[in-house]
Each structure stands twice: as structure tokens, then as C-alpha cells.
Amino acid sequence: MFYEVLIVVYLIVAIMLIGFVLIQQGKGADMGASFGSGGSNTVFGSGGSGNFLTRTTAILATLFFVISLILGNQTADKEKDGDEWQNLEVPVTQQSIETDVPVSDDTTDSSDVPN
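Read on for a plain summary of the structure. None of the values given here were measured: they were computed from a predicted structure.

## Focus on the overall build of the protein chain
(1) Moving on: Within the protein chain, the regular secondary structure consists of 3 helices and 0 strands.
(2) Moving on: The 115 residues of the protein chain split such that 11% are buried.
(3) Moving on: Contacts spanning at least 24 positions in sequence make up 90% of the contacts within the protein chain whose residues lie at least 6 apart.
(4) Moving on: Summing over all exposed atoms, the protein chain offers an accessible surface of approximately 10,500 Å²; the carbon and sulfur share of this is 60%.

Right, here's the structure in full:
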């Protein structure tokens, strides 16, 4: 149960990390703003969006790596089930095939069936 919860949290953190990286401006974008071509970043406060986005990205990246290590540690201890295709030299034993349709012992001739 803990493994499945970690997988879901891992996917959410990964998607959020991708989103925050794509939202951030590049290093060269600040130079154009100094000459008047950019608007002011007052949505995230007077410091701009740099601090908020940088901190959030760092926290999400740390969470991503920590959860990756935890998931890797949990899966490293598990033994894999043997695959039937792993050793092709030994033939697989034939198992009886059960069908949903009952088979009757009576064989009827097709000429006895009315049209």
C-alpha cells in the first residue's frame, strides 16, 4: 500500500517539477526587461517570481530525488517471479484446458436436426 502511495506522489511531484521548470524565465530574459521591453513581476511580490519559483523548484527536485531513492530501495529487496520465457530449454507441462461450454458425450447427426 505504501509503495502505491509513493508512486502516486512521485508522479504528482514529477509533473509539478516539469511545470515549474517550464514556467521559469531564462537567464537572458532579465536583460530585455532592464531596457523596458519586459513587464514588472508584481504577481509574486516585489522580489519577483524568481525567488518563489526557484525555491519551489528546488523543493520539488529534492522531493523527486528522495522519493526516487526510497522507491529504488523498496524495489531492490523484492525478488522477481520467474518468467516462463526465461528458460526455454525445459518444456512447460501441458495443463488441462477447461472451457465454459460443457461437452456432451452424445454426438448427434446433423440429419436428425429439423430445419
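## Examining the packing of aromatic side chains
(1) Moving on: Under the criterion given, the structure shown has 3 aromatic pairs.
(2) Moving on: Between the aromatic rings of Y10 and F64, the centroid separation amounts to 4.9 Å while the plane-to-plane angle is 15°, which identifies the pairing as stacked. Taken together, the residues Y10 in helix 1 (residues 2-23) and F64 in helix 3 (residues 49-76) connect sequence positions 54 residues apart.
(3) Moving on: Residue class for Y10 comes out partly exposed when judged on its relative accessible area of 22%.
(4) Moving on: With a centroid separation of 6.3 Å and 65° between ring planes, the pair formed by F20 and F52 is classed as edge-to-face. One end of the pair, F20, is in helix 1; the other, F52, is in helix 3, with 32 residues separating them in the sequence.
(5) Moving on: Classification of F52 as partly exposed rests on a relative accessible area of 41%.
(6) Moving on: Three or more aromatic residues joined by ring pairs make a cluster, and in this case those are Y10, F64 and F65.

## Examining a nonpolar patch on the surface
(1) Moving on: The grouping of M1, V5 and V9 at the surface amounts to a nonpolar patch, some 310 Å² of accessible area in total.
(2) Moving on: Within the fold, V5 resides in helix 1.
(3) Moving on: Using a relative accessible area of 41% as the deciding quantity, one classes V5 as partly exposed.

## Quick word on the nonpolar core
(1) Moving on: Membership of the largest hydrophobic core is limited to 8 residues, which are L6, V13, L17, F20, L53, L60, I67 and L71.
(2) Moving on: Not counting chain neighbours up to four residues away, the residues in contact with F20 comprise F52, L53, T56, T57 and L60.

## Some details on the environment of F64
(1) Moving on: We classify F64 as partly exposed; its relative accessible area is 21%.
(2) Moving on: Apart from the residues within four sequence positions on either side, F64 is in contact with Y10, V13, A14 and L17.

## Some remarks on helix 1
(1) Moving on: For helix 1, spanning 22 residues, the distance from its first C-alpha to its last is 31 Å, which sits close to the expected 32 Å at 1.5 Å a residue.
(2) Moving on: When we look at burial in helix 1, the residues that qualify are L6, V13, A14, L17 and F20. Mapping the buried residues of helix 1 onto a view down its axis gives an arc of 135°, with all of them on the same face. Exposed side of helix 1, more than 90 degrees from the buried face: I15, I18, L22 and I23 are the residues found there.

## Things to note about the side chain of T57
(1) Moving on: Inspection of the secondary structure puts T57 in helix 3.
(2) Moving on: In terms of polar contacts, T57 uses its side chain to reach the backbone carbonyl oxygen of L53, at 2.6 Å.
(3) Moving on: With sequence-adjacent residues up to four places away left out, T57 is seen in contact with L17, F20, V21 and Q24.

Reading the values: the criteria
- Residues numbered from 1 in each chain as written.
- Predicted model: local features only at pLDDT ≥ 70, side-chain atom pairs only at ≥ 80, totals over all residues.
- Heavy atoms only, no water.
- Helix = DSSP H or I, 4+ residues; strand = E, 2+ residues; numbered from the N terminus.
- Buried < 20%, exposed > 50% of the residue type's maximum accessible area, 1.4 Å probe, protein only.
- Contact = heavy atoms within 4.5 Å.
- Areas by Shrake-Rupley, 256 points an atom, 1.4 Å probe, with all protein chains shown as cover.
- Phe/Tyr/Trp six-rings, centres within 6.5 Å; stacked < 30°, edge-to-face > 60°.
- Patch = residues over 30% accessible without salt bridge, like charges linked within 9 Å, V, L, I, M, F, W, Y side chains within 5 Å.
- Salt bridge = Lys/Arg side-chain N within 4 Å of Asp/Glu carboxyl O.
- Core = buried A, V, L, I, M, F, W, Y, C linked by side-chain atoms within 4.5 Å.
- Expected span 1.5 Å × (residues − 1).
- Arc of directions from axis to C-beta.
- Polar contact = N/O pair within 3.5 Å; in protein donor to acceptor, adjacent residues only side chain to side chain.

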